[in-house]
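# Secondary and tertiary structure notes
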Protein chains: 2
Amino acid sequence: MNAADCETWMRVELDAVEAALQSWLPAAAPAGLGEAMRYGVLDGGKRLRPLLVLAACEAAAGNRSAALRASVAVELIHAYSLIHDDMPCMDDDVLRRGKPTVHVKFGEAQAMLAGDAMQALAFEVLTPAAADPDSIPARLQARLCGLLARAAGHGGMAGGQAIDLASVGLPLNEAQLRDMHRRKTGALLEASVLMGAACGEMPGSAWDALSRYGAAIGLAFQVVDDILDVTQASEVLGKTAGKDLDLNKPTYVSVLGIEGARRQAQTLRERAQAALASSGLRHTARLSWLADLVVDRNC
Amino acid sequence: MNAADCETWMRVELDAVEAALQSWLPAAAPAGLGEAMRYGVLDGGKRLRPLLVLAACEAAAGNRSAALRASVAVELIHAYSLIHDDMPCMDDDVLRRGKPTVHVKFGEAQAMLAGDAMQALAFEVLTPAAADPDSIPARLQARLCGLLARAAGHGGMAGGQAIDLASVGLPLNEAQLRDMHRRKTGALLEASVLMGAACGEMPGSAWDALSRYGAAIGLAFQVVDDILDVTQASEVLGKTAGKDLDLNKPTYVSVLGIEGARRQAQTLRERAQAALASSGLRHTARLSWLADLVVDRNC
């Protein structure tokens, strides 16, 4: 499968994810809440996590309907974390995905509630009633809820953000930085891969290989983010560039230098590709292409 | 079963719930997050929602281990909502359960993260791995996650809070006030009853009766809350009294007057008891006693 095929696949899948997000986000939640939720999720974002879910589901020859629900759920968790992270008590950012952040547009209280409601909605999407024509097996619902909850919670994303908060101005070493990002961004990226994999069946060794793949690209994503934060302008990123430096936050660039960070990204790409090669799975071309996309992206 | 038996039952169950909360709240989540989560949940609260779960499970002759998990999960959702609700951008309150609120003690960012992590933890608790000796059937895990997510999200608690925010200073009528509270507090109280019921098996008619019971006590709880807000001192309530009046929020007392609100609470108690009587279930004495407790409480 060549790069053009993968790009076509991506465009088709991005349309499917966007349509699914559109249909599951409430059109009329009370008192402006639905509007804030839709603003915080739609019309923006690279949708990397949904693509990872769908590519991993394909590698596992899994249940497509379940994977589409899982892709919406992980994107809702990701988008809620950005809304809360941008608030004045956290990173205090005014620009996200090229637009004013949710609290700038709707106020802090509505932004907090929109994030809270989006986390709940993620678990709603994963638990369709059996009578729903588009339902998925209860065993899979439970599995997906469990993977997502653990990635989002104190042992994953929220825990990583707590470390991030506490680390401002501290001289973290590389191991501490890795631990923070393994939780803050890595856990949800890895969970995206595993939720897609859970939609099908595979030997434990293949599962473990996908877990290693997910961990490697999770970290690679953050290393590249840190590089882009100092090399790209805000207009290209759609968010405020140079923010970590301004906030005196430790980054891969501040710890390893720009060249060291670039080498690290390449090493992680190779680790991700090696994990796929060792998985014994046949249909990993899209996961492989996504690993390259994560490292080679410029925004 | 007399009131003394019910009080003994309650004391025993409160100990069980407290022990379960203790064991599921992380002792060592990173960077102070675990401490903030534990502070926000432990050593306080009436634990009404867990008691409703456990009493409904008993009425359904249900799976005790599942009900204990469900009781922890609903209390985590309730406690997280209080933490976020108390923050400066929402109700800006400094006193809760007789202690400084979480953001006063740990800062706003940590309070927001603690709430976020508690919502995720609720779904972790509901989805133990099959290998866990204390696990519960996957079908029940999925059911409980679905009930909780819908009660917590935009159609339930978070939606009700959005209406609450938007209603400050507005002259809501009784129907609008009821709609707000049906979502804001009622949805999670009703879900507590239904999650307990889901731990066992019962005919659809009994399920519907418990749903009516839950809706009635959900509303009764709020009516009584509004009465206590104007008749009790902060020291008795463990939170700031007279707050709604200060914030110019519509309440049952402002809409119905104090006597009208008292009559309304009695009507709802009768409706709850009638629903239990019509359920056809035999073991509803504790649910009946809890309905009285909700209406007769003085804090």
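As a convention, each chain's residues are numbered from 1 in the sequence order in which they are written. Each chain takes a letter, starting from A, and each ligand takes a number, starting from 1, following the order in which they are written. Thresholds applied to this predicted model are a pLDDT of at least 70 for local features of residues and 80 or more for the giving and counting of side-chain atom pairs; totals over whole chains, interfaces and linings are not thresholded and use all residues. Here the side-chain values reflect all heavy atoms present in the structure, with hydrogen atoms and water set aside.

## Observations regarding the overall build of chain A
Applicable threshold: Segments assigned H or I by DSSP are reported as helices when at least four residues long, segments assigned E as strands when at least two residues long, and all are numbered from the N terminus. We compute the radius of gyration from the C-alpha atoms alone; for a globule the expected value is 2.2 Å times N to the 0.38, where N is the number of residues.
Looking only at helices and strands, one finds 14 helices and 2 strands in chain A. Radius of gyration (C-alpha) of chain A: 18 Å, near the 19 Å computed for a compact globule of 299 residues. Dimensions of chain A, computed from the C-alpha atoms along their principal axes, are close to 50 × 50 × 35 Å.

## Structural notes on the relation of the copies chain A and chain B
What relates the pair of chain copies is a rotation about an axis plus a shift along that axis. To keep things clear, this is the line we draw: Least-squares superposition aligns the copies on the C-alpha atoms of those residues with pLDDT at or above 70 in both. Every residue pair with non-hydrogen atoms within 4.5 Å of one another is taken to be in contact.
Between chain A and chain B, which share one sequence, the superposing operator has a rotation angle of 180 degrees and an axial displacement of 0.0 Å; the RMSD is 0.0 Å. Read as a symmetry element, the transformation amounts to a two-fold axis. Judged by C-alpha distance, Ala-142 of chain A is the residue of chain A that lies nearest the rotation axis, at 2.4 Å. With an isologous cut-off of 70% or more, the 100% of interface residues of chain A that recur at the interface of chain B puts this contact in the isologous class.

## Thoughts on the nonpolar core
Short version of the rule: Within this scheme, the nonpolar core is defined by two criteria: the residues are buried Ala, Val, Leu, Ile, Met, Phe, Trp, Tyr or Cys, and they are joined through side-chain atoms within 4.5 Å. For the exposure calls, accessible area comes from a 1.4 Å probe over protein chains only, and a residue counts as buried if that area is under 20% of its type's maximum, exposed if over 50%, partly exposed in between.
Counting 216 residues, the largest nonpolar core has Leu-148 and Tyr-213 of chain A together with Leu-148 and Tyr-213 of chain B as its most contacted members. Once residues lying within four places of it in the same chain are set aside, the contact partners of Leu-148 of chain B are Ala-73, Val-74, Ile-77, Ala-122, Phe-123, Leu-126, Leu-188 and Met-195 of chain B.

## Some points on the state of the cysteines
Residues and elements named next belong to chain B. Selection criterion: Two cysteine sulfurs form what is called a disulfide whenever their separation falls within 2.5 Å.
Here the structure, examined in full by the defined rule, presents 0 disulfides over all chains. Free cysteine: Cys-6, not disulfide-bonded; nearest cysteine sulfur from Cys-57 at 16 Å. Here Cys-57 falls in the buried class, since its relative accessible area comes to 5%.

## So, the interface of chain A and chain B
How we decide: Summed over both partners, the accessible surface that disappears when two parts come together, traced with a 1.4 Å probe, is what is meant by buried area. Basic side-chain nitrogens of Lys or Arg form a salt bridge, by our definition, when they fall within 4 Å of a carboxyl oxygen of Asp or Glu. Only Asp, Glu, Lys and Arg are considered charged, only Ala, Val, Leu, Ile, Met, Phe, Trp, Tyr, Cys and Pro nonpolar, and every remaining residue, Gly among them, polar.
Each side of the interface is counted separately: chain A has 44 residues, and chain B has 44 residues. In this assembly, chain A packs against chain B so that about 3,600 Å² is buried in total across both faces, 73% of it on carbon and sulfur atoms. For the interface between chain A and chain B, the tally reads 0 salt bridges. Looking at the side of chain A that touches chain B, the elements that each hand over two or more residues are helix 2 (33–41), helix 4 (64–85), helix 6 (108–125), helix 7 (138–152) and helix 8 (157–167) of chain A. The greatest single-element share of the side of chain A that touches chain B, amounting to 12 residues, is contributed by helix 6 of chain A. Taken together, the residues of the side of chain A that touches chain B break down into 28 nonpolar, 10 polar and 6 charged.

## Observations concerning the packing of helix 9 (residues 174–198) of chain A against helix 13 (residues 252–278) of chain A
Residues and elements named next belong to chain A. Selection criterion: As a rule, the C-alpha atoms of each element are fitted with a line to give its axis, helices using only the stretch in contact, and angles between N-to-C directions run from 0 to 180 degrees. Small angles under 35 degrees read as roughly parallel and large ones over 145 as roughly antiparallel, with 65 to 115 read as roughly perpendicular and the rest as oblique.
Interaxial distance between helix 9 and helix 13 falls to 11 Å at its minimum, and their mutual angle equals 80 degrees. Classified by the angle between their axes, helix 9 and helix 13 sit roughly perpendicular to one another. Of the residues in helix 13, those touching helix 9 at Glu-174, Leu-177, Arg-178 and His-181 are Tyr-252, Val-255, Leu-256 and Gln-264. When the residues that make up the contact of helix 9 with helix 13 are grouped by side-chain class, the tally is 4 nonpolar, 2 polar and 2 charged.

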